[in-house]
Amino acid sequence: MKQTALLAGAYLHHLCFESPNPEKLSDFYGKIMQMKPQSIGGNAWLCSGKNRQILIKEGMKNRLEFAAFSCRDEEGLNLLKERVKEEGIEVINLQPDLFQNDAISIVDQDGHNISFGLSKPNMNAESVLNGPLQHLTFSTLNVEKFVDFYVGKLGFCVSDRVLHSNGNLATCFVRSNHEHHTVACFKSDRIGVDHHSYEAGEWNAIRDWCDHFASMNIELMWGPGRHGPGNNLFVFVEDPDGNWIEISAELEVIHDRPSNDWPQEERTLNLWGKAILRS
Ligand SMILES: [Fe+2]
């Protein structure tokens, strides 16, 4: 099977969330996530930090308007465009402003808008704390359909699977570059976003993030812990809309290895202790 997304070196570049109160949410991302908010008109905000950007527009709470993946280069983007055409996937009229104007946008199996493009330079953004935007995870009713689309049609590569005792998929982690996962999907009783994650790099950076959260009176909702798949250290906080935010470190880098299967149990989600099991 052709691993087109992997060949394209796609990485999560930015997200666009809706919110009933975009100004309040963008203020949170400005102060707490060190992503300076800038009004872009129409009650929409661009929050920019170093290697992390989020758009927030007026709309439904917790709704992802789109996720945008940048490719390594034009050749990679063209491979994805050819693949989308070969698979007969419908292309939608969505050109993210933060991309050059030759992006391609599609709708995934659960109705999420996904764009692939080439990034524009983001020279001015500064953040004290390190944490490039790194992965997005979905909630779904059917992880098998997620795999059919992202692996079978777009050419993401499976890094690890988590299985229920009956063999059904509880979670699947897929990658489109050397990082253990750029996208993952959890079986749940709802369709949407589970969380998005920033990769801080090392353990001390998580300490610094947590000290920063403490100084802002933001309580951790989960962690610190270490995930089994990906072997990354993590803490989670919630934004004012209840979107889950992960700060991660030491996420596995994969050069070549077969995918592994893990049992659906607390230890898989957190080798150190308590887990939040989604199904
Ligand atoms: Fe994560």
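The rules we used
Residues numbered from 1 in each chain as written. Predicted model: local features only at pLDDT ≥ 70, side-chain atom pairs only at ≥ 80, totals over all residues. Pairing = 2+ DSSP bridges. Helix = DSSP H or I, 4+ residues; strand = E, 2+ residues; numbered from the N terminus. Contact = placed C-beta atoms within 7 Å. Axes fitted to C-alpha atoms, helices over the stretch in contact; angles between N-to-C directions. Buried ≥ 20, exposed ≤ 12 C-beta atoms within 10 Å, placed from the backbone. Domains from an automatic or database assignment. Expected span 1.5 Å × (residues − 1). Arc of directions from axis to C-beta.

A closer look at the sheet that holds strand 3 (residues 44-49)
Across the sheet, eight strands lie side by side as 2-3-4-1-5-8-7-6; this open sheet has mixed pairing. Two strands bound the open sheet, and with one partner strand each, they are strand 2 (36-41) and strand 6 (91-92). Here strand 1 (residues 11-19) pairs with strand 4 (residues 52-58) via six bridges, running parallel. Residue serine 19 lies in a different strand from strand 4, and its bridge partner there is glutamate 58. Taken strand by strand, helix 3 (residues 74-86) contacts strand 6, strand 7 (104-107) and strand 8 (113-117), and its axis lies near 40° from that of strand 7.

Comments concerning the pairing of strand 12 (residues 183-187)
Looking down a regular strand, the side chains alternate between one sheet face and the other. Taken across its five residues, strand 12 has five buried, putting it largely inside the fold. Direction of pairing for strand 9 (residues 133-140) relative to strand 12: parallel, over a ladder of five bridges. If you follow phenylalanine 138 over to strand 12, its bridge partner there is cysteine 185.

Notes on the sheet that holds strand 9
One open sheet accounts for nine strands, arranged 14-15-16-13-9-12-11-10-17; its pairing is mixed. Each edge of the open sheet is held by one strand with a lone partner, namely strand 14 (222-226) and strand 17 (260-263). The average undirected angle you get between the axes of adjacent strands in this sheet is 20°. Examined bridge by bridge, strand 10 (residues 157-163) and strand 11 (residues 169-175) share six bridges and lie antiparallel to one another. In the strand pairing of strand 11, valine 162 is matched with threonine 171. Of the strands in this sheet, strand 9, strand 10, strand 11 and strand 12 touch helix 4 (residues 143-153), which is tilted by about 15° from strand 11. Lying on the sheet, helix 5 (residues 203-215) is in contact with strand 13 (192-201), strand 14, strand 15 (233-238) and strand 16 (244-249); it crosses strand 15 at an angle near 20°.

Structural notes on the domain arrangement of the chain
Once the domains are mapped, the chain shows domain 1 (4-117) and domain 2 (133-269). Computed from C-alpha atoms alone, the centre-to-centre distance between domain 1 and domain 2 is 18 Å. Taken together, the contact between domain 1 and domain 2 spans 32 residues of the former and 31 residues of the latter. Those elements that place two or more of their residues in the side of domain 1 that touches domain 2 are helix 1 (4-7), strand 1, helix 2 (22-31), strand 4 and strand 5 (64-70). In terms of residue count, the dominant contributor to the side of domain 1 that touches domain 2 is strand 1 (six residues).

Regarding helix 5
In an α-helix, one turn spans 3.6 residues; hence positions three or four apart end up facing the same way. With 13 residues, helix 5 extends 19 Å from end C-alpha to end C-alpha; this agrees with the ideal 18 Å at 1.5 Å per step. Residues Ala205, Ile206 and Trp209 constitute the buried set of helix 5. All buried residues of helix 5 fall inside an arc of 100° around its axis, so they share one side. Away from the buried face of helix 5 by more than 90 degrees, exposed residues Trp203, Asn204, Asp211, Ala214 and Ser215 are located. Lining the buried residues of helix 5 we find strand 13, strand 14, strand 15 and strand 16. Phi for asparagine 217, located one or two positions after helix 5, is positive at around 65°.

Observations regarding the environment of glutamate 219
One can find glutamate 219 in the loop between helix 5 and strand 14. By C-beta crowding, glutamate 219 is classed as exposed, having 8 other C-beta atoms within 10 Å. Note: C-alpha distance between glutamate 219 and phenylalanine 99 (120 residues apart in sequence) is 34 Å.

Quick word on helix 4
Within helix 4, the full set of buried residues consists of Val143, Phe146, Phe149 and Tyr150. Each buried residue of helix 4 sits inside an arc of 125° when the element is viewed along its axis, so together they form one side. Of the surrounding elements, those touching the buried residues of helix 4 are strand 9, strand 11 and strand 12. Taken from the residues just after helix 4, glycine 155 is the one with a positive phi, measuring 85°.

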